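Spelled out from the first residue to the last, the chains are:
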Amino acid sequence: MNLAVYLRRYWQLYALLILPVSYFIIFKYGPMYGILIAFKDFNFFQGINGSEWIGFDAFREVFAMSDFYKTLRNTLMLNFLDLLVSFPAPLFLAIMLYELKIVWFKKLSQTILYIPHFISWVIIGGIVYQVFGTQSGMINNIVTSFGFDAIPFLTDKNDWLITYLAVGVWQSAGWGTIIYLAALTGINKELFEAADVDGASRLRKIWNITLPSLKPTIVTLLIINLGHMIAIGFERPYIIGNTAVRDYSDVLSTFVYRIGIESGQYTLATVVGLFQAVVGLVFVLGANYTSKKLADQSIM
Amino acid sequence: MVKAARGTMKASKILAVTLGCTMLLSACGGNANNGGTNANANAGANENAAAGGNKASGKQVTLKVEVFDRGNSPAGSTITNNYLTKYVQDNFGTPNNIKVEFVPVPRSEEVQKLNVLMASGSDVPDIVFTYDSGTFYRYAQQGGLTDLGELLEQHGPNLKQFLGEDTLAYGQYEGKQFALPAKRAHLGKYSSFIRQDWLDKLGLPVPKTTDELYTTLKTFKEKDPGQTGGKVIPLGMSLAPAQFEPLLWSFIKPVTEEQRYTLTQQLGSNDYPILLPGFKDGLQFMNKLYSEGLMSADFSLDEDKKKLNEDVTKGLVGFFSEDDMNPFYADLMYATLQKNIPDAKISSVDVYTDSEGKHPKPEYAPVGLYLMIPKSSKNAEAAVKYLDWMASGDNLLHIQNGVEGENYTLENGIPMAKADVTDEIKNRIYNWGDMAIISNGKQLGDTEKNVEAYVLNMPEQYREETRKALSVSRSDTIKPVLFDRPIEAQAKYGTALRDKLNEIIVKTTMAKPDQFDSTYESMLKDYMATGGQAILDERKKAYEEMKK
């Protein structure tokens, strides 16, 4: 089929593509021009073009900053712990929800589990201070009323880590179940019926039917998550964090905010951003390659 | 004919494409042009200014002025459309054929927002401002600001006289007037406050020194005179300067002029005594208070004083320091406290004492906002005229106080706000402080009058204590250090180091007493490595050159 005929026949499909493609061009490829800032002594009155080239000077400066390594370590640490805790949580929840047989109760639980996802971090931050505060937090009021010492959930860095992770699970686990639940509806019911005939227990069915069916979804999500290892949202560590736990709560995104937006050193901020993007790409490709080799599952 | 028409169509298509390309190019090129030499840009500005001043052409100029948005506009008005904006338009704009447009910037993120505005180039207001001197220096250094020397000479005689040389000196960068700092009416910063009713109940005198204060705080903790059920917070603390600065500065030992110039670290707009002798002792005292449970336990979470305010108004706090007038405003801290606990009484006191028996505390530089005109502005002349208008006649008085006879009455030259007025009249000047940008506080000619004006505008029952607080905040003050040149390292590292300072205070205060020394050493080392050393070196050099 020659191209003209082909295009005439399928033009509707290509027309549909215009919106998403222009989205990527305008919002994802267009801004890449700004990467130039990392290699220039950016003066925002002169614009990107007018600023002078400085080669890799800004990279040297960033790699010599002790705060850079601290925030890099924290980013990886928080993300890794988050992966350990927050990644399996929606899986368990989804399987439990799937096993529920009473329809109204299942729907109700799902709704209640989704709600935290729709609350902004600023509000969650406020709630966290009310609940976990040392002096007048809800939990510590109970703890101290039993005569124990107050637990510094927010001001001791190790306790803070637990708070940070727990809040993350609370906020995201319910919403995360959606993808798994969608995948679960695709399982052939006959498999379960056959298992029932064979007298398989409930756990046995979960282990041998449900989980294997979810494997591609799990692997895909894991790869995506690994790609985000080096990137970290700004709001959660910034809002849940505070000065007392800065040793752990200071991450690359807050670091970029501080030197870029607050101090106006856009060149350094861009360098960190570019570094994140490159390392992120390496993580995604690495995870994808490994999974292809080991499990024959991949997204590319 | 048909052919010709087709030819035109083709031509117009090509034209359209070319136009599009040129627009794209000029969009990029425009920025490059901005970077041209000073001479060029100045010539351009003059031309534009001439055009702006040419009324004969009848073309209206739009003057864009930044305004802080605190989200407190009363119903019926907005931050860009209210009584004061109309007053400005009617009395300055319309007679001069200028349309004054206000561009809101949220108060809490002024620097961040301003950076974004400045970077956008085309959309930036003609008058912008910031409290942060580092931001001002950075803009000046990067060549983004209009030199105002000539314009002020030509179009701002009233403004120049109003601001005065001391204040204008703060707006100079390498000898050029790149900013017009607002003039500050009252230089006092901090006072301290104690629960007088607690003292009376326990039969204690007002503590006069830091040592006596310590004993008093301990007694507050043991006796719990406010019957808070063990929740008493003898010393209210937060992570805001108003709470920790008076305490820390009082531990600084007597210093030479050289030490004061070189060892002070200016972060943002404030001077901090981080390297001055005695700073460590101050932190140690905080550590002691914290470990003995005499201080707000969650002070490290409280950067905006919200928690402190809550604790004070609930009647849990025995002693605290704060911005001198803050507790006394109608419906604020003291009033709320008395609503919750009718017998509560607060006294303004001056307690923290240094080794010489004085009560040192920092005072403000005689400046408020740094008013700047971006180089890209085409209305520099109109902008200076606007500020000059504000400084002339009784325009400032009007903006700050409203309409005489309706909003206020003059008593001994001091405008007294009328108490029994409708909300509509009261709300006219709800954001006078943010509109009267050439002045910080009410200006009545001399400091005593300015201070008395503050006092008289407080609720009557709090005036005596306000007067005391305002005299506390002005005694034994330490003036900010002003070099004849900007310290570049401060502009570069200031913001990051300000965060580090908070970290130093929090970590050393909350460290176990036996780990205080090691925590302090490692934090200070980190501070020096992140830019503290660079600031110190530059200040030393600047001092040497200044003394030559």
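Residues numbered from 1 in each chain as written. Chains lettered and ligands numbered in written order. Predicted model: local features only at pLDDT ≥ 70, side-chain atom pairs only at ≥ 80, totals over all residues. Heavy atoms only, no water.

Asker: For this particular structure, what's the right way to read the domain arrangement of chain B?
Answerer: Residues and elements named next belong to chain B. Taken domain by domain, chain B consists of domain 1 (11-186 + 367-393), domain 2 (190-362 + 479-546) and domain 3 (397-456). Facing 36 residues of domain 1, the contacting portion of domain 3 comprises 23 residues. Summing the contributions of domain 1 and of domain 3, the shared interface buries around 2400 Å²; its carbon and sulfur component is 67%. Three residues, Tyr83, Leu84 and Ala185, lead the burial of domain 1 against domain 3; their summed loss comes to 29% of the area buried on that side. (Domains from an automatic or database assignment. Contact = heavy atoms within 4.5 Å. Buried area = accessible area lost by both parts, 1.4 Å probe.)

Asker: How do you make sense of helix H22 (residues 516-547) of chain B when you look at a structure like this?
Answerer: Since there are 3.6 residues in each turn of an α-helix, residues three or four apart along the chain are aligned in direction. Given a rise of 1.5 Å per residue, 32 residues ought to cover 46 Å, yet the end C-alpha atoms of H22(B) are separated by just 38 Å, more than 12% below that figure. The sharpest bend along H22(B) reaches about 65° and sits at Ala529(B). (Helix = DSSP H or I, 4+ residues; strand = E, 2+ residues; numbered from the N terminus. Expected span 1.5 Å × (residues − 1). Bend = angle between axes of the 7 residues up to and from the residue.)

Asker: Looking at this structure, how should I read the interface of chain B and chain A?
Answerer: You'll often see interface size given as the accessible area lost when the parts meet. On the chain A side, the residues contacting the 38 residues of chain B number 31 residues. Interface of chain B and chain A: buried area, both sides summed, is about 3000 Å²; carbon and sulfur atoms make up 49% of it. When the area that chain B buries against chain A is broken down by residue, the three leading residues are Gln112(B), Gln142(B) and Leu301(B), summing to 19%. Between the two partners, chain B and chain A, sit 5 salt bridges. Glu61(A) is paired through a salt bridge with Lys492(B); the nearest N and O atoms lie 3.1 Å apart. At the junction of chain B and chain A, the tally comes to 10 residue pairs in polar contact (both at pLDDT 80 or more). Contributing elements (two or more residues each) for the side of chain B that touches chain A: helix H1 (2-34), helix H4 (110-120), helix H5 (133-141), helix H13 (306-313), helix H21 (488-510) and H22 of chain B. When residues in the side of chain B that touches chain A are grouped by element, the largest group, 10 residues, is from H21(B). In the side of chain B that touches chain A, the residues fall into 14 nonpolar, 13 polar and 11 charged. (Salt bridge = Lys/Arg side-chain N within 4 Å of Asp/Glu carboxyl O. Polar contact = N/O pair within 3.5 Å; in protein donor to acceptor, adjacent residues only side chain to side chain. Nonpolar A, V, L, I, M, F, W, Y, C, P; charged D, E, K, R; others polar.)

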